[in-house]
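Structure at a glance
Here is how the chains run, residue by residue.
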Amino acid sequence: MNAGDDGVRRLDEMEVKLTFIDDTVQALATADANLSLRIAALERAMRELRGELAAMRVAQADDPHDEPPPPHY
C-alpha cells in the first residue's frame with residue numbers, strides 16, 4: 001500500500017466519522033428543541049394550576065393565616 005492509498009483511506013474514514021457526528025448533532029438539536037417545547041408547556045400548565053388553586057382558596061376562604069392556632073398552643 002502506498003502513501004496515496006493510505007491518505008485516501010484516512011480521508012474516507014474521516015468523512016464517515018464526520019457524517020456520524022453530523023447525524024448525532026442533528027438528533028441532539030431535535031431532541032433539545034422537543035424538550036424545550038415540552039418544558040414550556042409544563043411551565044404554562046403549572047402557572048394555570050397555581051392560578052386555579054389560588055382561585056379555589058379564595059373561593060373557599062382557606063387562608064392558612066386566618067385559621068386559629070391548634071388547641072395545644
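Preceding block: the structure.
Now for a description of the structure that goes with this document. (Residues numbered from 1 in each chain as written. Predicted model: local features only at pLDDT ≥ 70, side-chain atom pairs only at ≥ 80, totals over all residues. Heavy atoms only, no water.)

A few points about the overall build of the chain
Note the cut-off: Helix numbers and strand numbers start at the N terminus; a helix is a DSSP run of H or I with at least 4 residues, a strand a run of E with at least 2. Radius of gyration here uses only the C-alpha atoms, and the compact-globule reference equals 2.2 Å multiplied by the residue count raised to the power 0.38. Buried residues are those whose accessible area, probed at 1.4 Å on protein chains only, stays under 20% of the maximum for their type, while exposed residues exceed 50% and partly exposed ones sit between those limits. Reported accessibility uses the Shrake-Rupley method at a 1.4 Å probe radius. Residues are deemed covered only where the shown protein chains occlude them. When charges are counted, Lys and Arg contribute as positive and Asp and Glu as negative, whereas His and the chain ends are disregarded. The atoms used to mark charge sites are NZ of Lys, CZ of Arg, CG of Asp and CD of Glu.
Counting secondary structure elements, the chain contains 1 helix and 0 strands. A compact globule built from 73 residues should have a C-alpha radius of gyration of about 11 Å, whereas the chain, at 30 Å, is more than 25% larger. With the C-alpha coordinates of the chain rotated into their principal frame, the extents come out at 95 × 30 × 10 Å. Counting all 73 residues of the chain, 0% fall into the buried class. With an accessible surface of roughly 7,000 Å², the chain has 62% of that area assigned to carbon and sulfur atoms. The chain carries 8 positive and 15 negative side-chain charges, and their two centres are separated by 2 Å.

Points about the pattern of salt bridges
Opposite charge on two side chains allows them to pair when their charged atoms are near. Here is the rule: Any Lys or Arg side-chain nitrogen located within 4 Å of an Asp or Glu carboxyl oxygen qualifies as a salt bridge.
According to the stated counting rule, one finds 2 salt bridges in the structure shown. The partner of Asp6 in a salt bridge is Arg9, and the shortest N-O contact between them spans 2.5 Å. Taken together, the residues Asp6 and Arg9, both in helix 1 (residues 3-60) and 3 residues apart, mark about one turn of the helix. For Arg9, a relative accessible area of 34% puts it in the partly exposed group.

A few points about the environment of Gly4
Within the secondary structure, Gly4 is located in helix 1. In the structure, Gly4 is positioned 25 residues away from Ala29 in sequence and 37 Å away in space, judged by C-alpha atoms.

Thoughts on helix 1
Convention followed: Take the number of residues in a helix, subtract one, and multiply by 1.5 Å to get its expected span.
Over its 58 residues, helix 1 extends 84 Å from the first C-alpha to the last, a length consistent with the 86 Å expected when each residue adds 1.5 Å. In the segment just after helix 1, Ala61 is the residue with positive phi, at about 55°.

With respect to a nonpolar patch on the surface
Threshold: To count toward a patch, a residue needs a relative accessible area above 30% and no salt bridge. Like charges then connect within 9 Å, nonpolar side chains (Val, Leu, Ile, Met, Phe, Trp, Tyr) within 5 Å.
A cluster of nonpolar residues, Leu18, Ile21 and Val25, forms a patch on the protein surface that exposes about 290 Å² of accessible area. Tracing the sequence through the fold places Ile21 in helix 1.

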